[in-house]
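# Breakdown of the fold
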Amino acid sequence: MKIDNRTILYGVFGGTVEHSLSPLIHNASFESLGFNCVYLGFGVPPEKLRQALFGAQALGFGGLSITIPHKAAVMEMCDEVDPAAKMIGAVNTIEFTADGKIIGYNTDGIGVARALKECGVMIKGRKVMVLGAGGAARGVVFQLAKEGAKKITILNRTIARAENLTADVGRAFGNDIVEWAPFKPEVAQKNAQESDLIINTTSIGMYPDVDRNPLEGVTLSDDVTVFDIVYNPMRTKLLNEAERAGADTVTGDLMLVYQAVEQERIWLGIEPPAGTMLDVMRNALTPGNNT
Ligand code: NAP
């Protein structure tokens, strides 16, 4: 990779970014495209976010990814926020336009839709059980509603969060397509039987807690598709058990890559090499390889 005075910088602003896979994914894409661009991770404390954002704009950055804990706070620093990001209540992508504007987007939902589409999983007309109601769940649930899911049932440990997300999605898409229920094994079992698609958006099963499964004790049938957005490990305990039950599975690395693909479409106006981005990430997530 050539770095010189013309190199355009991109980066991710987050609380801790040491373990972010975004630099790996975007730099692999830039290199494969032959673009003179570099993507770096930047740890930014909340009280420095505004300064860092306007600093990046002043330095001519091409764009930014925004991650925890800045996704909501950055919204009021943008000149414009894309309607999807507004609905979700979080921005994960910043575009610096040629006429000096800062525009915020959220690409998580598109990442989910494209991951499912690439695996041949339909959303329209389907019944979906979503585990979790945190930040990632918001992007997932709004996209499911937008893509025409027939019914979305949100299960969450903290009831208030499930209620809020249900109300927000209901206001935008109609109360009849979304409901919430407490995250209990018997409730999960009943809903699992009635669902075409199950999406885990909780962090249960994420490294280092790889021996945990959000659907522990729940019997899955072979006609359901299970999508775990946790990507480290790539094959979570939930996905391994779903596969043993004969269910189709979708891995979270696909969502991560396709939301990054969408970011580059926003920044560069081109379709980046998703295959290269996926290969480099899967290689990094393979146990024994260093990230
Ligand atoms: P978050 O906002 O902190 O939400 C975490 C969710 O997990 C909440 O619903 C929380 O429930 C639930 N949860 C956590 N521990 C639990 C437990 N022990 N029992 C029951 N529920 C529990 O985090 P997030 O940003 O949504 O991220 C969630 C996961 O998605 C992470 O593993 C992250 O790496 C992954 N992710 C993947 C992608 C991708 O592109 N593949 C993108 C974004 C996030 P409460 O509300 O009750 O606390």
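The notes below deal with the structure included here. (Residues numbered from 1 in each chain as written. Predicted model: local features only at pLDDT ≥ 70, side-chain atom pairs only at ≥ 80, totals over all residues. Heavy atoms only, no water.)

### Focus: helix 10 (residues 274-285)
To keep things clear, this is the line we draw: Helix and strand labels come from DSSP, where a helix needs a run of H or I of at least four residues and a strand needs a run of E of at least two; each type is numbered from the N terminus. Expected helix span is taken as 1.5 Å per residue step, with the number of steps being one fewer than the number of residues. Burial classes follow relative accessibility: with a 1.4 Å probe on protein chains only, a residue under 20% of its type's maximum area counts as buried, one over 50% as exposed, and anything between as partly exposed. It is the directions from the helix axis to the C-beta atoms whose arc is reported. We call two residues contacting when some pair of their heavy atoms lies within 4.5 Å.
Over its 12 residues, helix 10 runs 16 Å from end to end, which matches the ideal 16 Å to within 8%, given 1.5 Å per residue. For helix 10, the set of buried residues is Ala274, Met277, Leu278, Met281, Ala284 and Leu285. One face of helix 10 carries all of its buried residues, which in axial projection span an arc of 130°. On its buried side, helix 10 packs onto helix 1 (22-33) and helix 9 (252-268).

### A few points about the site of the ligand
What counts here: The near set for a molecule or strand comprises every residue that places at least one heavy atom within 4 Å of it. Pairing of N or O atoms within 3.5 Å defines a polar contact, subject to two protein rules: one partner must be a possible hydrogen donor and the other a possible acceptor, and residues neighboring in sequence count only if both atoms are side-chain atoms. Accessible surface area values rest on a Shrake-Rupley calculation with a 1.4 Å probe, where residue burial reflects the displayed protein chains alone. For this classification, the nonpolar set comprises Ala, Val, Leu, Ile, Met, Phe, Trp, Tyr, Cys and Pro, the charged set comprises Asp, Glu, Lys and Arg, and every other residue, Gly included, is treated as polar. Residue ranges for the domains trace back to a domain assignment, done automatically or taken from a database.
Taken together, 22 residues form the shell around the ligand, and within it Ala136, Asn156, Arg157, Thr158 and Ile229 come nearest. Within the contact set of the ligand, an oxygen atom lies 2.9 Å away from a side-chain nitrogen or oxygen of Arg161. With respect to the ligand, the backbone of Leu256 contributes an N or O atom lying 3.3 Å from an oxygen atom. Burial of the ligand by the surrounding chains reaches 80%, relative to a free accessible area of 920 Å². Only helix 5 (135-146) and helix 9 provide two or more residues apiece to the shell around the ligand. The dominant element in the shell around the ligand, judged by the number of residues it contributes, is helix 9, at three residues. Residues that form the shell around the ligand fall into these classes: 10 nonpolar, nine polar and three charged. Taken domain by domain, the makeup of the shell around the ligand includes at least three residues from each of domain 1 (8-106 + 254-285) and domain 2 (109-250).

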